[in-house]
Amino acid sequence: MAEEPQPKKWKGGEEQERSADDAMATRHKVWQAMAPFREGTRRPTPADIKRTTDKFFEANSSASVEKCKDALKELMTQTGCNKVADDALLNSAVAAMAPKDGTVNVPDFLLCWNNWMKLGERPRTALIVVDVQHDFIDGSLALRACDAKQDGAEVVPIINALHRTAPFDLVVITKDWHPRDHISFHPNLTQERLHSSETRNVKDIPLFAQVKLADGQTQTMWPAHCVQGSKGAELHKDLEVGNLDHTVVKGTNSMIDSYSAFFDNARKSKTPLSDLLRRYKIDDVYCCGLAYDREQQHECQ
Ligand SMILES: [Zn+2]
């Protein structure tokens with residue numbers, strides 16, 4: 001006869017084990033108890049959490065149940081929540097940390113906070129809509145001219161729906177926004193702009209080729225695109241932009257390209273994007289838009 005399947009064990013603490021069902025029930029209880037704390041709160045950063053554990057856990061290893069509750073209260077205060085955590089919530093949270101001889105160790109505290117209590121918060125979120133501009137949809141760098149023959153316009157209704165239905169705390173629309181004499185434009189390439197180690201003559205360098213520029217940067221030579229104030233630089237006509245949305249432009253310096261909406265390719269100057277995210281105390285960032293291979297990889301990094 002086949003052996004009875006054993007329930008999966010959840011290991012909370014070095015010596016204690018409990019069944020996965022117990023762990024789920026406790027998790028559910030903590031999650032429910034956290035409900036009043038969910039609205040309008042933000043997530044403490046890893047640095048906030050470290051400061052709190054350093055303060056309440058002796059030699060950064062263990063703390064009494066009481067101190068552990070104080071640490072939880074402090075973290076909840078940092079979420080910006082103005083409700084006071086009651087004893088019932090704190091007791092169920094500490095019970096979930098599997099105290100041993102009246103003390104809780106740091107890993108169990110963190111396990112509880114990171115896996116269970118965090119679910120009770122509502123993180124502050126930002127949507128970054130990357131470069132939904134005509135030149136990338138039906139202009140000089142249209143996606144449909146690429147191998148996959150995708151129609152960039154297809155993303156527009158999807159982004160609109162996302163924008164309308166998900167409660168983002170901040171929406172940022174980015175635009176590639178080049179001066180006419182931008183260094184990334186193939187027609188603007190001159191022998192003087194090339195690095196001394198380039199052996200090719202400028203006339204033999206085709207569109208989309210990679211070159212080494214005088215300042216040592218490697219640059220792909222693009223057709224002219226997203227020229228400031230041109231039709232090609234406009235956002236797609238159907239893209240819905242809210243009154244409160246922020247716009248961040250990039251690639252505005254003639255002498256350097258900028259694939260990221262955060263900083264130029266040499267990382268010498270930055271756009272207002274990182275300050276915006278900080279000002280709005282954003283925890284999680286969602287990116288959507290066009291030109292995934294170049295632009296969005298950079299955003300996500
Ligand atoms: Zn560009």
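The structure under discussion appears in the preceding block.
Residues numbered from 1 in each chain as written. Predicted model: local features only at pLDDT ≥ 70, side-chain atom pairs only at ≥ 80, totals over all residues. Heavy atoms only, no water.

Draft legend 1. Quick look at the overall build of the protein. Each helix and strand counted, the protein has 9 helices and 10 strands in total. When burial is assessed residue by residue, the protein has 45% of its 301 residues classed as buried. As displayed, the protein offers around 16500 Å² of accessible surface, 52% of which is attributable to carbon and sulfur atoms. (Helix = DSSP H or I, 4+ residues; strand = E, 2+ residues; numbered from the N terminus. Buried < 20%, exposed > 50% of the residue type's maximum accessible area, 1.4 Å probe, protein only. Areas by Shrake-Rupley, 256 points an atom, 1.4 Å probe, with all protein chains shown as cover.)

Draft legend 2. Quick peek at the coordination of the zinc ion. Listed as protein donors to the zinc ion are Asp176 (OD), His178 (NE2) and His225 (NE2); their distances from the metal cover 2.0 to 2.1 Å. Each donor residue of the zinc ion belongs to the same chain, and together they define the spacing D-x1-H-x46-H. Pair check on accessibility: aspartate 176 and histidine 178 agree, each one buried. (Donors = N, O, S within 2.8 Å, 3.2 Å for Na, K, Ca; no water.)

Draft legend 3. View of the packing of helix 3 (residues 65–78) against helix 4 (residues 87–96). Viewed as axis vectors pointing N to C, helix 3 and helix 4 meet at an angle of 115°, and their least axial separation amounts to 10 Å. Between helix 3 and helix 4, the interaxial angle falls into the category roughly perpendicular. In the packing of helix 3 onto helix 4, the handedness of the crossing is right-handed. Facing helix 3, whose interface residues are Val65, Cys68, Lys69, Leu72, Lys73 and Met76, helix 4 presents Asp87, Leu89, Leu90, Asn91, Ala93 and Val94. The residue inventory of the contact of helix 3 with helix 4, partitioned by class, reads 8 nonpolar, 1 polar and 3 charged. (Axes fitted to C-alpha atoms, helices over the stretch in contact; angles between N-to-C directions. Parallel < 35°, antiparallel > 145°, perpendicular 65-115°, else oblique. Left-handed = near helix turned anticlockwise from the far one by under 90°. Contact = heavy atoms within 4.5 Å. Nonpolar A, V, L, I, M, F, W, Y, C, P; charged D, E, K, R; others polar.)

Draft legend 4. Looking closely at the nonpolar core. Core analysis: the largest hydrophobic core is formed by 21 residues, its most contacted members being Phe57, Cys68, Leu72, Met97, Val104, Phe109 and Trp113. Within the residue set of this core, elements represented by two or more residues are helix 2 (46–56), helix 3, helix 4 and helix 5 (106–115). In this structure, cysteine 68 is in contact with Phe57, Ala63, Val94, Met97, Val104 and Phe109, ignoring residues within four places of it in sequence. Within the second largest apolar cluster, 20 residues are counted, among which are Val129, Val132, Tyr259 and Leu290. (Core = buried A, V, L, I, M, F, W, Y, C linked by side-chain atoms within 4.5 Å.)

Draft legend 5. Spotlight on the side chain of histidine 225. The topology assignment puts histidine 225 in the loop between strand 8 (218–220) and strand 9 (246–250). A relative accessible area of 2% places histidine 225 in the buried class. A distance of 3.0 Å separates the side chain of histidine 225 from the side chain of aspartate 176, its partner in a polar contact. Side chain to side chain, histidine 225 and histidine 178 meet in a polar contact 3.2 Å long. Setting aside chain neighbours within four positions, we find histidine 225 in contact with Asp135, Phe136, Ser140, Leu141, Asp176, His178, Ser184 and Phe185. (Polar contact = N/O pair within 3.5 Å; in protein donor to acceptor, adjacent residues only side chain to side chain.)

Draft legend 6. Molecular detail of the pattern of salt bridges. Counted according to the given criterion, the structure contains 13 salt bridges. For aspartate 87, the salt bridge is made with lysine 69, and the minimal N-O distance between the two is 4.0 Å. Residue aspartate 87 is located in helix 4, and its partner lysine 69 is located in helix 3; the two are separated by 18 residues in the primary sequence. The partly exposed category is assigned to aspartate 87, whose relative accessible area is 48%. (Salt bridge = Lys/Arg side-chain N within 4 Å of Asp/Glu carboxyl O.)

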